[in-house]
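Secondary and tertiary structure notes
Chain by chain, the residues run as shown.
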Amino acid sequence: MIEIEDLHKHFGRVRALDGVSLTVGKGDVVCLIGPSGSGKSTLLRCVNFLEEPTAGVVRVDGRRVGYREGDGRRRHMSGRELARMRAEIGMVFQLFYLWPHRIALENVIEGLVTVKRMPVAEAAERGRALLAKVGLADKLEAYPEHLSGGQRQRVAIARALVMEPKVMLFDEPTSALDPELVGEVLAVMERVASEGMTMLVATHEMGFAKKVAHRVVFMDQGKIVEVGPPEALFARPQHDRTRRFLDKILV
Amino acid sequence: MALDFSVVWKYLPILLQAAVMTVVLTAISQTIGTVCAFFLALARMSRRPWLRWPAGVYVWIVRGTPLLLHLFFVYYAAPAVGITLDAFPAAIIAMSASSAAYNAEIIRAGLEAVHRGQVEAALSVGMTYAQVVRRIVVPQAIRIIVPSYMGNAISHTKNSSLASVITVQELMLTAQMIYSSTYRAVEILTAAGAIYLVLTTCLTWLQFYLEQVTTYEARGLSARRRRRLLLDAPLPGLAA
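All figures in this text were calculated on a predicted structure; none of them were measured in a lab. (Residues numbered from 1 in each chain as written. Chains lettered and ligands numbered in written order. Predicted model: local features only at pLDDT ≥ 70, side-chain atom pairs only at ≥ 80, totals over all residues. Heavy atoms only, no water.)

Overview of the sheet that holds strand S3 (residues 29-33) of chain A
Residue and element names in this part refer to chain A. Spatial strand order, S8-S9-S10-S3-S11-S12: 6 strands in an open sheet with mixed pairing. In the strand order of this sheet, the two ends are held by strand S8 (89-92) and strand S12 (223-228), each with one partner. Averaged over all pairs of adjacent strands, the angle between strand axes in this sheet comes to 20°, irrespective of strand direction. Where strand S11 (residues 215-220) meets S12, 5 bridges bridge the pair, whose relative direction is antiparallel. The partner of Phe 218 across the bridge, within S12, is Glu 226. (Pairing = 2+ DSSP bridges. Helix = DSSP H or I, 4+ residues; strand = E, 2+ residues; numbered from the N terminus. Axes fitted to C-alpha atoms, helices over the stretch in contact; angles between N-to-C directions.)

Right under this line is the structure:
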């Protein structure tokens, strides 16, 4: 579902991504772990073209992201084409980025109404159902500022899910949450995974990775150091850098 | 010399007529200025240097020099390029140019105050940039822009008095003409002051009203919005 081939991203002299290749199959849950600055966020942001790669190819469901295929030269997609592709790629951000001038329900259905041009009534039905599913049936009318961090993130997840994307990208979804709120968000993510969603998750929550991920990818300084099933990677890391990182993280 | 306000009643119609000129002068130049300010703000925010730099220089010069100078400049410079300009059009041009510069910065600040993350979240959901601006950025920017914009509008109203120096028949010039023939400066100026105060107070009320209307959380949802969102309909039965 997601194919990343030899991806490079430079910010000036900083090499955020230094030749990353990864494949995420349909229904796979892949967790990206690694220290700050290792390139996890940058990688996710290249998948939906919030960052434009310096070199390399990203494909989602066979289609190249951000560029038109053909005749050798790289040509940008139009704004509309890119928007249409992005509608099939859901993203959840570390800082939620809910829209403060809309209530929870409106946040969730904004995409349906504006992008998919769905009638508001139909969108509202879907939005309500999804918010109930993430446990926020009683918070439909709440403005984001009246919600806890965990609630906001669940609204953000519902907002991404309601668009029925092919893949979901999670950029450290629980890193900004108080510890007691992390669990409710991870529970929602587990449920999404169990329903067969293809997920690429940058996270520090090793318990989640162990429980839900099919594969864990350890990144450091813009490169993939090691990939493997969680039990194997956590118990028997092959590389020294992986071991040193895990020693600091795993209790 | 005792004060005699009967002069005011006698000349009130003339003063009010001049007040209309003040309002017209302010309203037209503020409208033109706002429209131009919008484009100027976009130019200032543009990634293209050939848009950004000229806009920046314009704002810098106009905001850095007195309106009085602009008025004289337009009025006296026009013949130099071969256009004969009446006082009123000259004042409109100068005041519009000034309004545009100040409001451009106000608009730009409002637009940039909307966090980039919200824009990214909107793009991620599949909105085009135009949709993001319309649905996400502008509604929030307006809330930030209103107080500064209205404050500037009030200043603009008072600054219209400067047009008197290039012979526009607005309130200040008319008041001067009246008391130069009646020698009742205190009374006439008090009356003129009162009229300015009425105008600015109306704008202040308008500002309060707009600030209220653009505050989303405190006011709750309108009945129509509730209905559209089916907020009062029973939740369909769902497995937990």
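Focus on the pattern of salt bridges
Here the structure, examined in full by the defined rule, presents 26 salt bridges over all chains. Close ionic contact of Glu 164 of chain A with Arg 126 of chain A constitutes a salt bridge, the shortest N to O distance being 3.8 Å. Note that Glu 164 of chain A is positioned in the loop between helix H5 (149-161) and strand S9 (167-171) and Arg 126 of chain A in helix H4 (residues 120-133), a separation of 38 residues in sequence. Judged by relative accessible area, Glu 164 of chain A falls into the exposed class, the value being 56%. Salt-bridge contacts for Arg 244 of chain A lead to Asp 240 of chain A; the nearest nitrogen and oxygen are separated by 3.7 Å. Pair noted here: Arg 244 of chain A and Asp 240 of chain A are both in helix H9 (residues 240-249), with a separation of 4 residues, about one helical turn. Put simply, Arg 44, Glu 105, Arg 108 and Glu 112 of chain B are held in one network by salt bridges that share partners. (Salt bridge = Lys/Arg side-chain N within 4 Å of Asp/Glu carboxyl O. Buried < 20%, exposed > 50% of the residue type's maximum accessible area, 1.4 Å probe, protein only.)

Details of the nonpolar core
Ile 4, Leu 32, Leu 43 and Leu 200 of chain A are the most contacted members of the largest nonpolar core, which totals 59 residues. Among the elements that line this core, the one with the most residues is helix H6 (residues 129-159) of chain B, at 8 residues. What Leu 200 of chain A contacts, discounting residues up to four positions off in sequence, is Ile 2, Leu 22, Val 24, Val 30, Leu 32, Leu 44, Val 47, Met 168, Leu 169 and Phe 170 of chain A. In terms of nonpolar packing, the next biggest core, distinct from the first, is built from 58 residues, Val 134, Ala 142, Met 189 and Val 216 of chain A among them. (Core = buried A, V, L, I, M, F, W, Y, C linked by side-chain atoms within 4.5 Å. Contact = heavy atoms within 4.5 Å.)

Describing a nonpolar patch on the surface
On the surface, Val 20, Val 24, Ile 28 and Ile 32 of chain B cluster together to form a nonpolar patch covering roughly 280 Å² of accessible area. In this structure, Val 20 of chain B sits in helix H1 (residues 6-45). (Patch = residues over 30% accessible without salt bridge, like charges linked within 9 Å, V, L, I, M, F, W, Y side chains within 5 Å. Areas by Shrake-Rupley, 256 points an atom, 1.4 Å probe, with all protein chains shown as cover.)

What to know about empty space enclosed by the protein
Summed over all chains, the structure comprises 2 cavities of 30 Å³ or more. If you go around the largest cavity, you meet 13 residues; those closest to its centre are Gly 90, Met 91 and Ala 160 of chain A together with Ser 124 and Val 125 of chain B. Breaking the lining of the largest cavity down by element, the ones donating at least two residues are S8 and H5 of chain A together with helix H5 (116-124) of chain B. Looking at the lining of the largest cavity, the element that brings in the most residues is S8 of chain A, giving 3 residues. Here the lining of the largest cavity is built from residues that sort into 9 nonpolar, 2 polar and 2 charged. (1 Å grid on protein atoms, 1.4 Å probe; cavity = no way out; pocket = protein on both sides within 12 Å on 5 of 7 lines; lining within 4 Å. Points joined across faces, edges and corners; volume = space filled by probe spheres on them. Nonpolar A, V, L, I, M, F, W, Y, C, P; charged D, E, K, R; others polar.)

Focus on the environment of Gly 150 of chain A
Residues and elements named next belong to chain A. Assignment of secondary structure puts Gly 150 in helix H5. On the accessibility criterion, Gly 150 (0% relative accessible area) is buried. Sequence spacing of Gly 150 and Pro 173 is 23 residues, and the spatial spacing of their C-alpha atoms is 9.6 Å. With sequence-adjacent residues up to four places away left out, Gly 150 is seen in contact with Leu 177, Leu 181, Glu 184 and Val 185.

What about the layout of surface pockets?
If you add up the space inside the largest pocket, you get close to 960 Å³. Lining the largest pocket are 25 residues; nearest its centre among them are Arg 47, Arg 116, Val 119, Tyr 129 and Val 133 of chain B. Those elements that place two or more of their residues in the lining of the largest pocket are helix H2 (79-86) of chain A together with H1, helix H4 (87-113), H5 and H6 of chain B. Tallying contributions element by element places H6 of chain B first for the lining of the largest pocket, with 6 residues.

Observations regarding the pairing of strand S1 (residues 2-11) of chain A
Residue and element names in this part refer to chain A. Here 8 bridges tie S1 to strand S2 (residues 14-24), and the two strands are oriented antiparallel to one another. Residue pairing in the sheet places Phe 11 in a bridge with Val 14 of S2. Hairpin connection of S1 to S2: 2 residues between the antiparallel strands, including Gly 12 at a positive phi of 65°. Where S1 meets strand S4 (residues 55-60), 5 bridges bridge the pair, whose relative direction is antiparallel. When the sheet's bridge partners are listed, His 8 is paired in S4 with Ala 55.

A short note on the sheet that holds S2 of chain A
Residue and element names in this part refer to chain A. Here 4 strands make up an open sheet; going across it, the order is S2-S1-S4-S5 and the pairing antiparallel. Each edge of the open sheet is held by one strand with a lone partner, namely S2 and strand S5 (63-64). Where S4 meets S5, 2 bridges bridge the pair, whose relative direction is antiparallel. Each bridged residue has a counterpart across the sheet, and for Arg 59 the counterpart in S5 is Arg 64. Helix H1 (residues 40-47) rests against S1, S2 and S4 of the sheet, and its axis sits at about 120° to S1.

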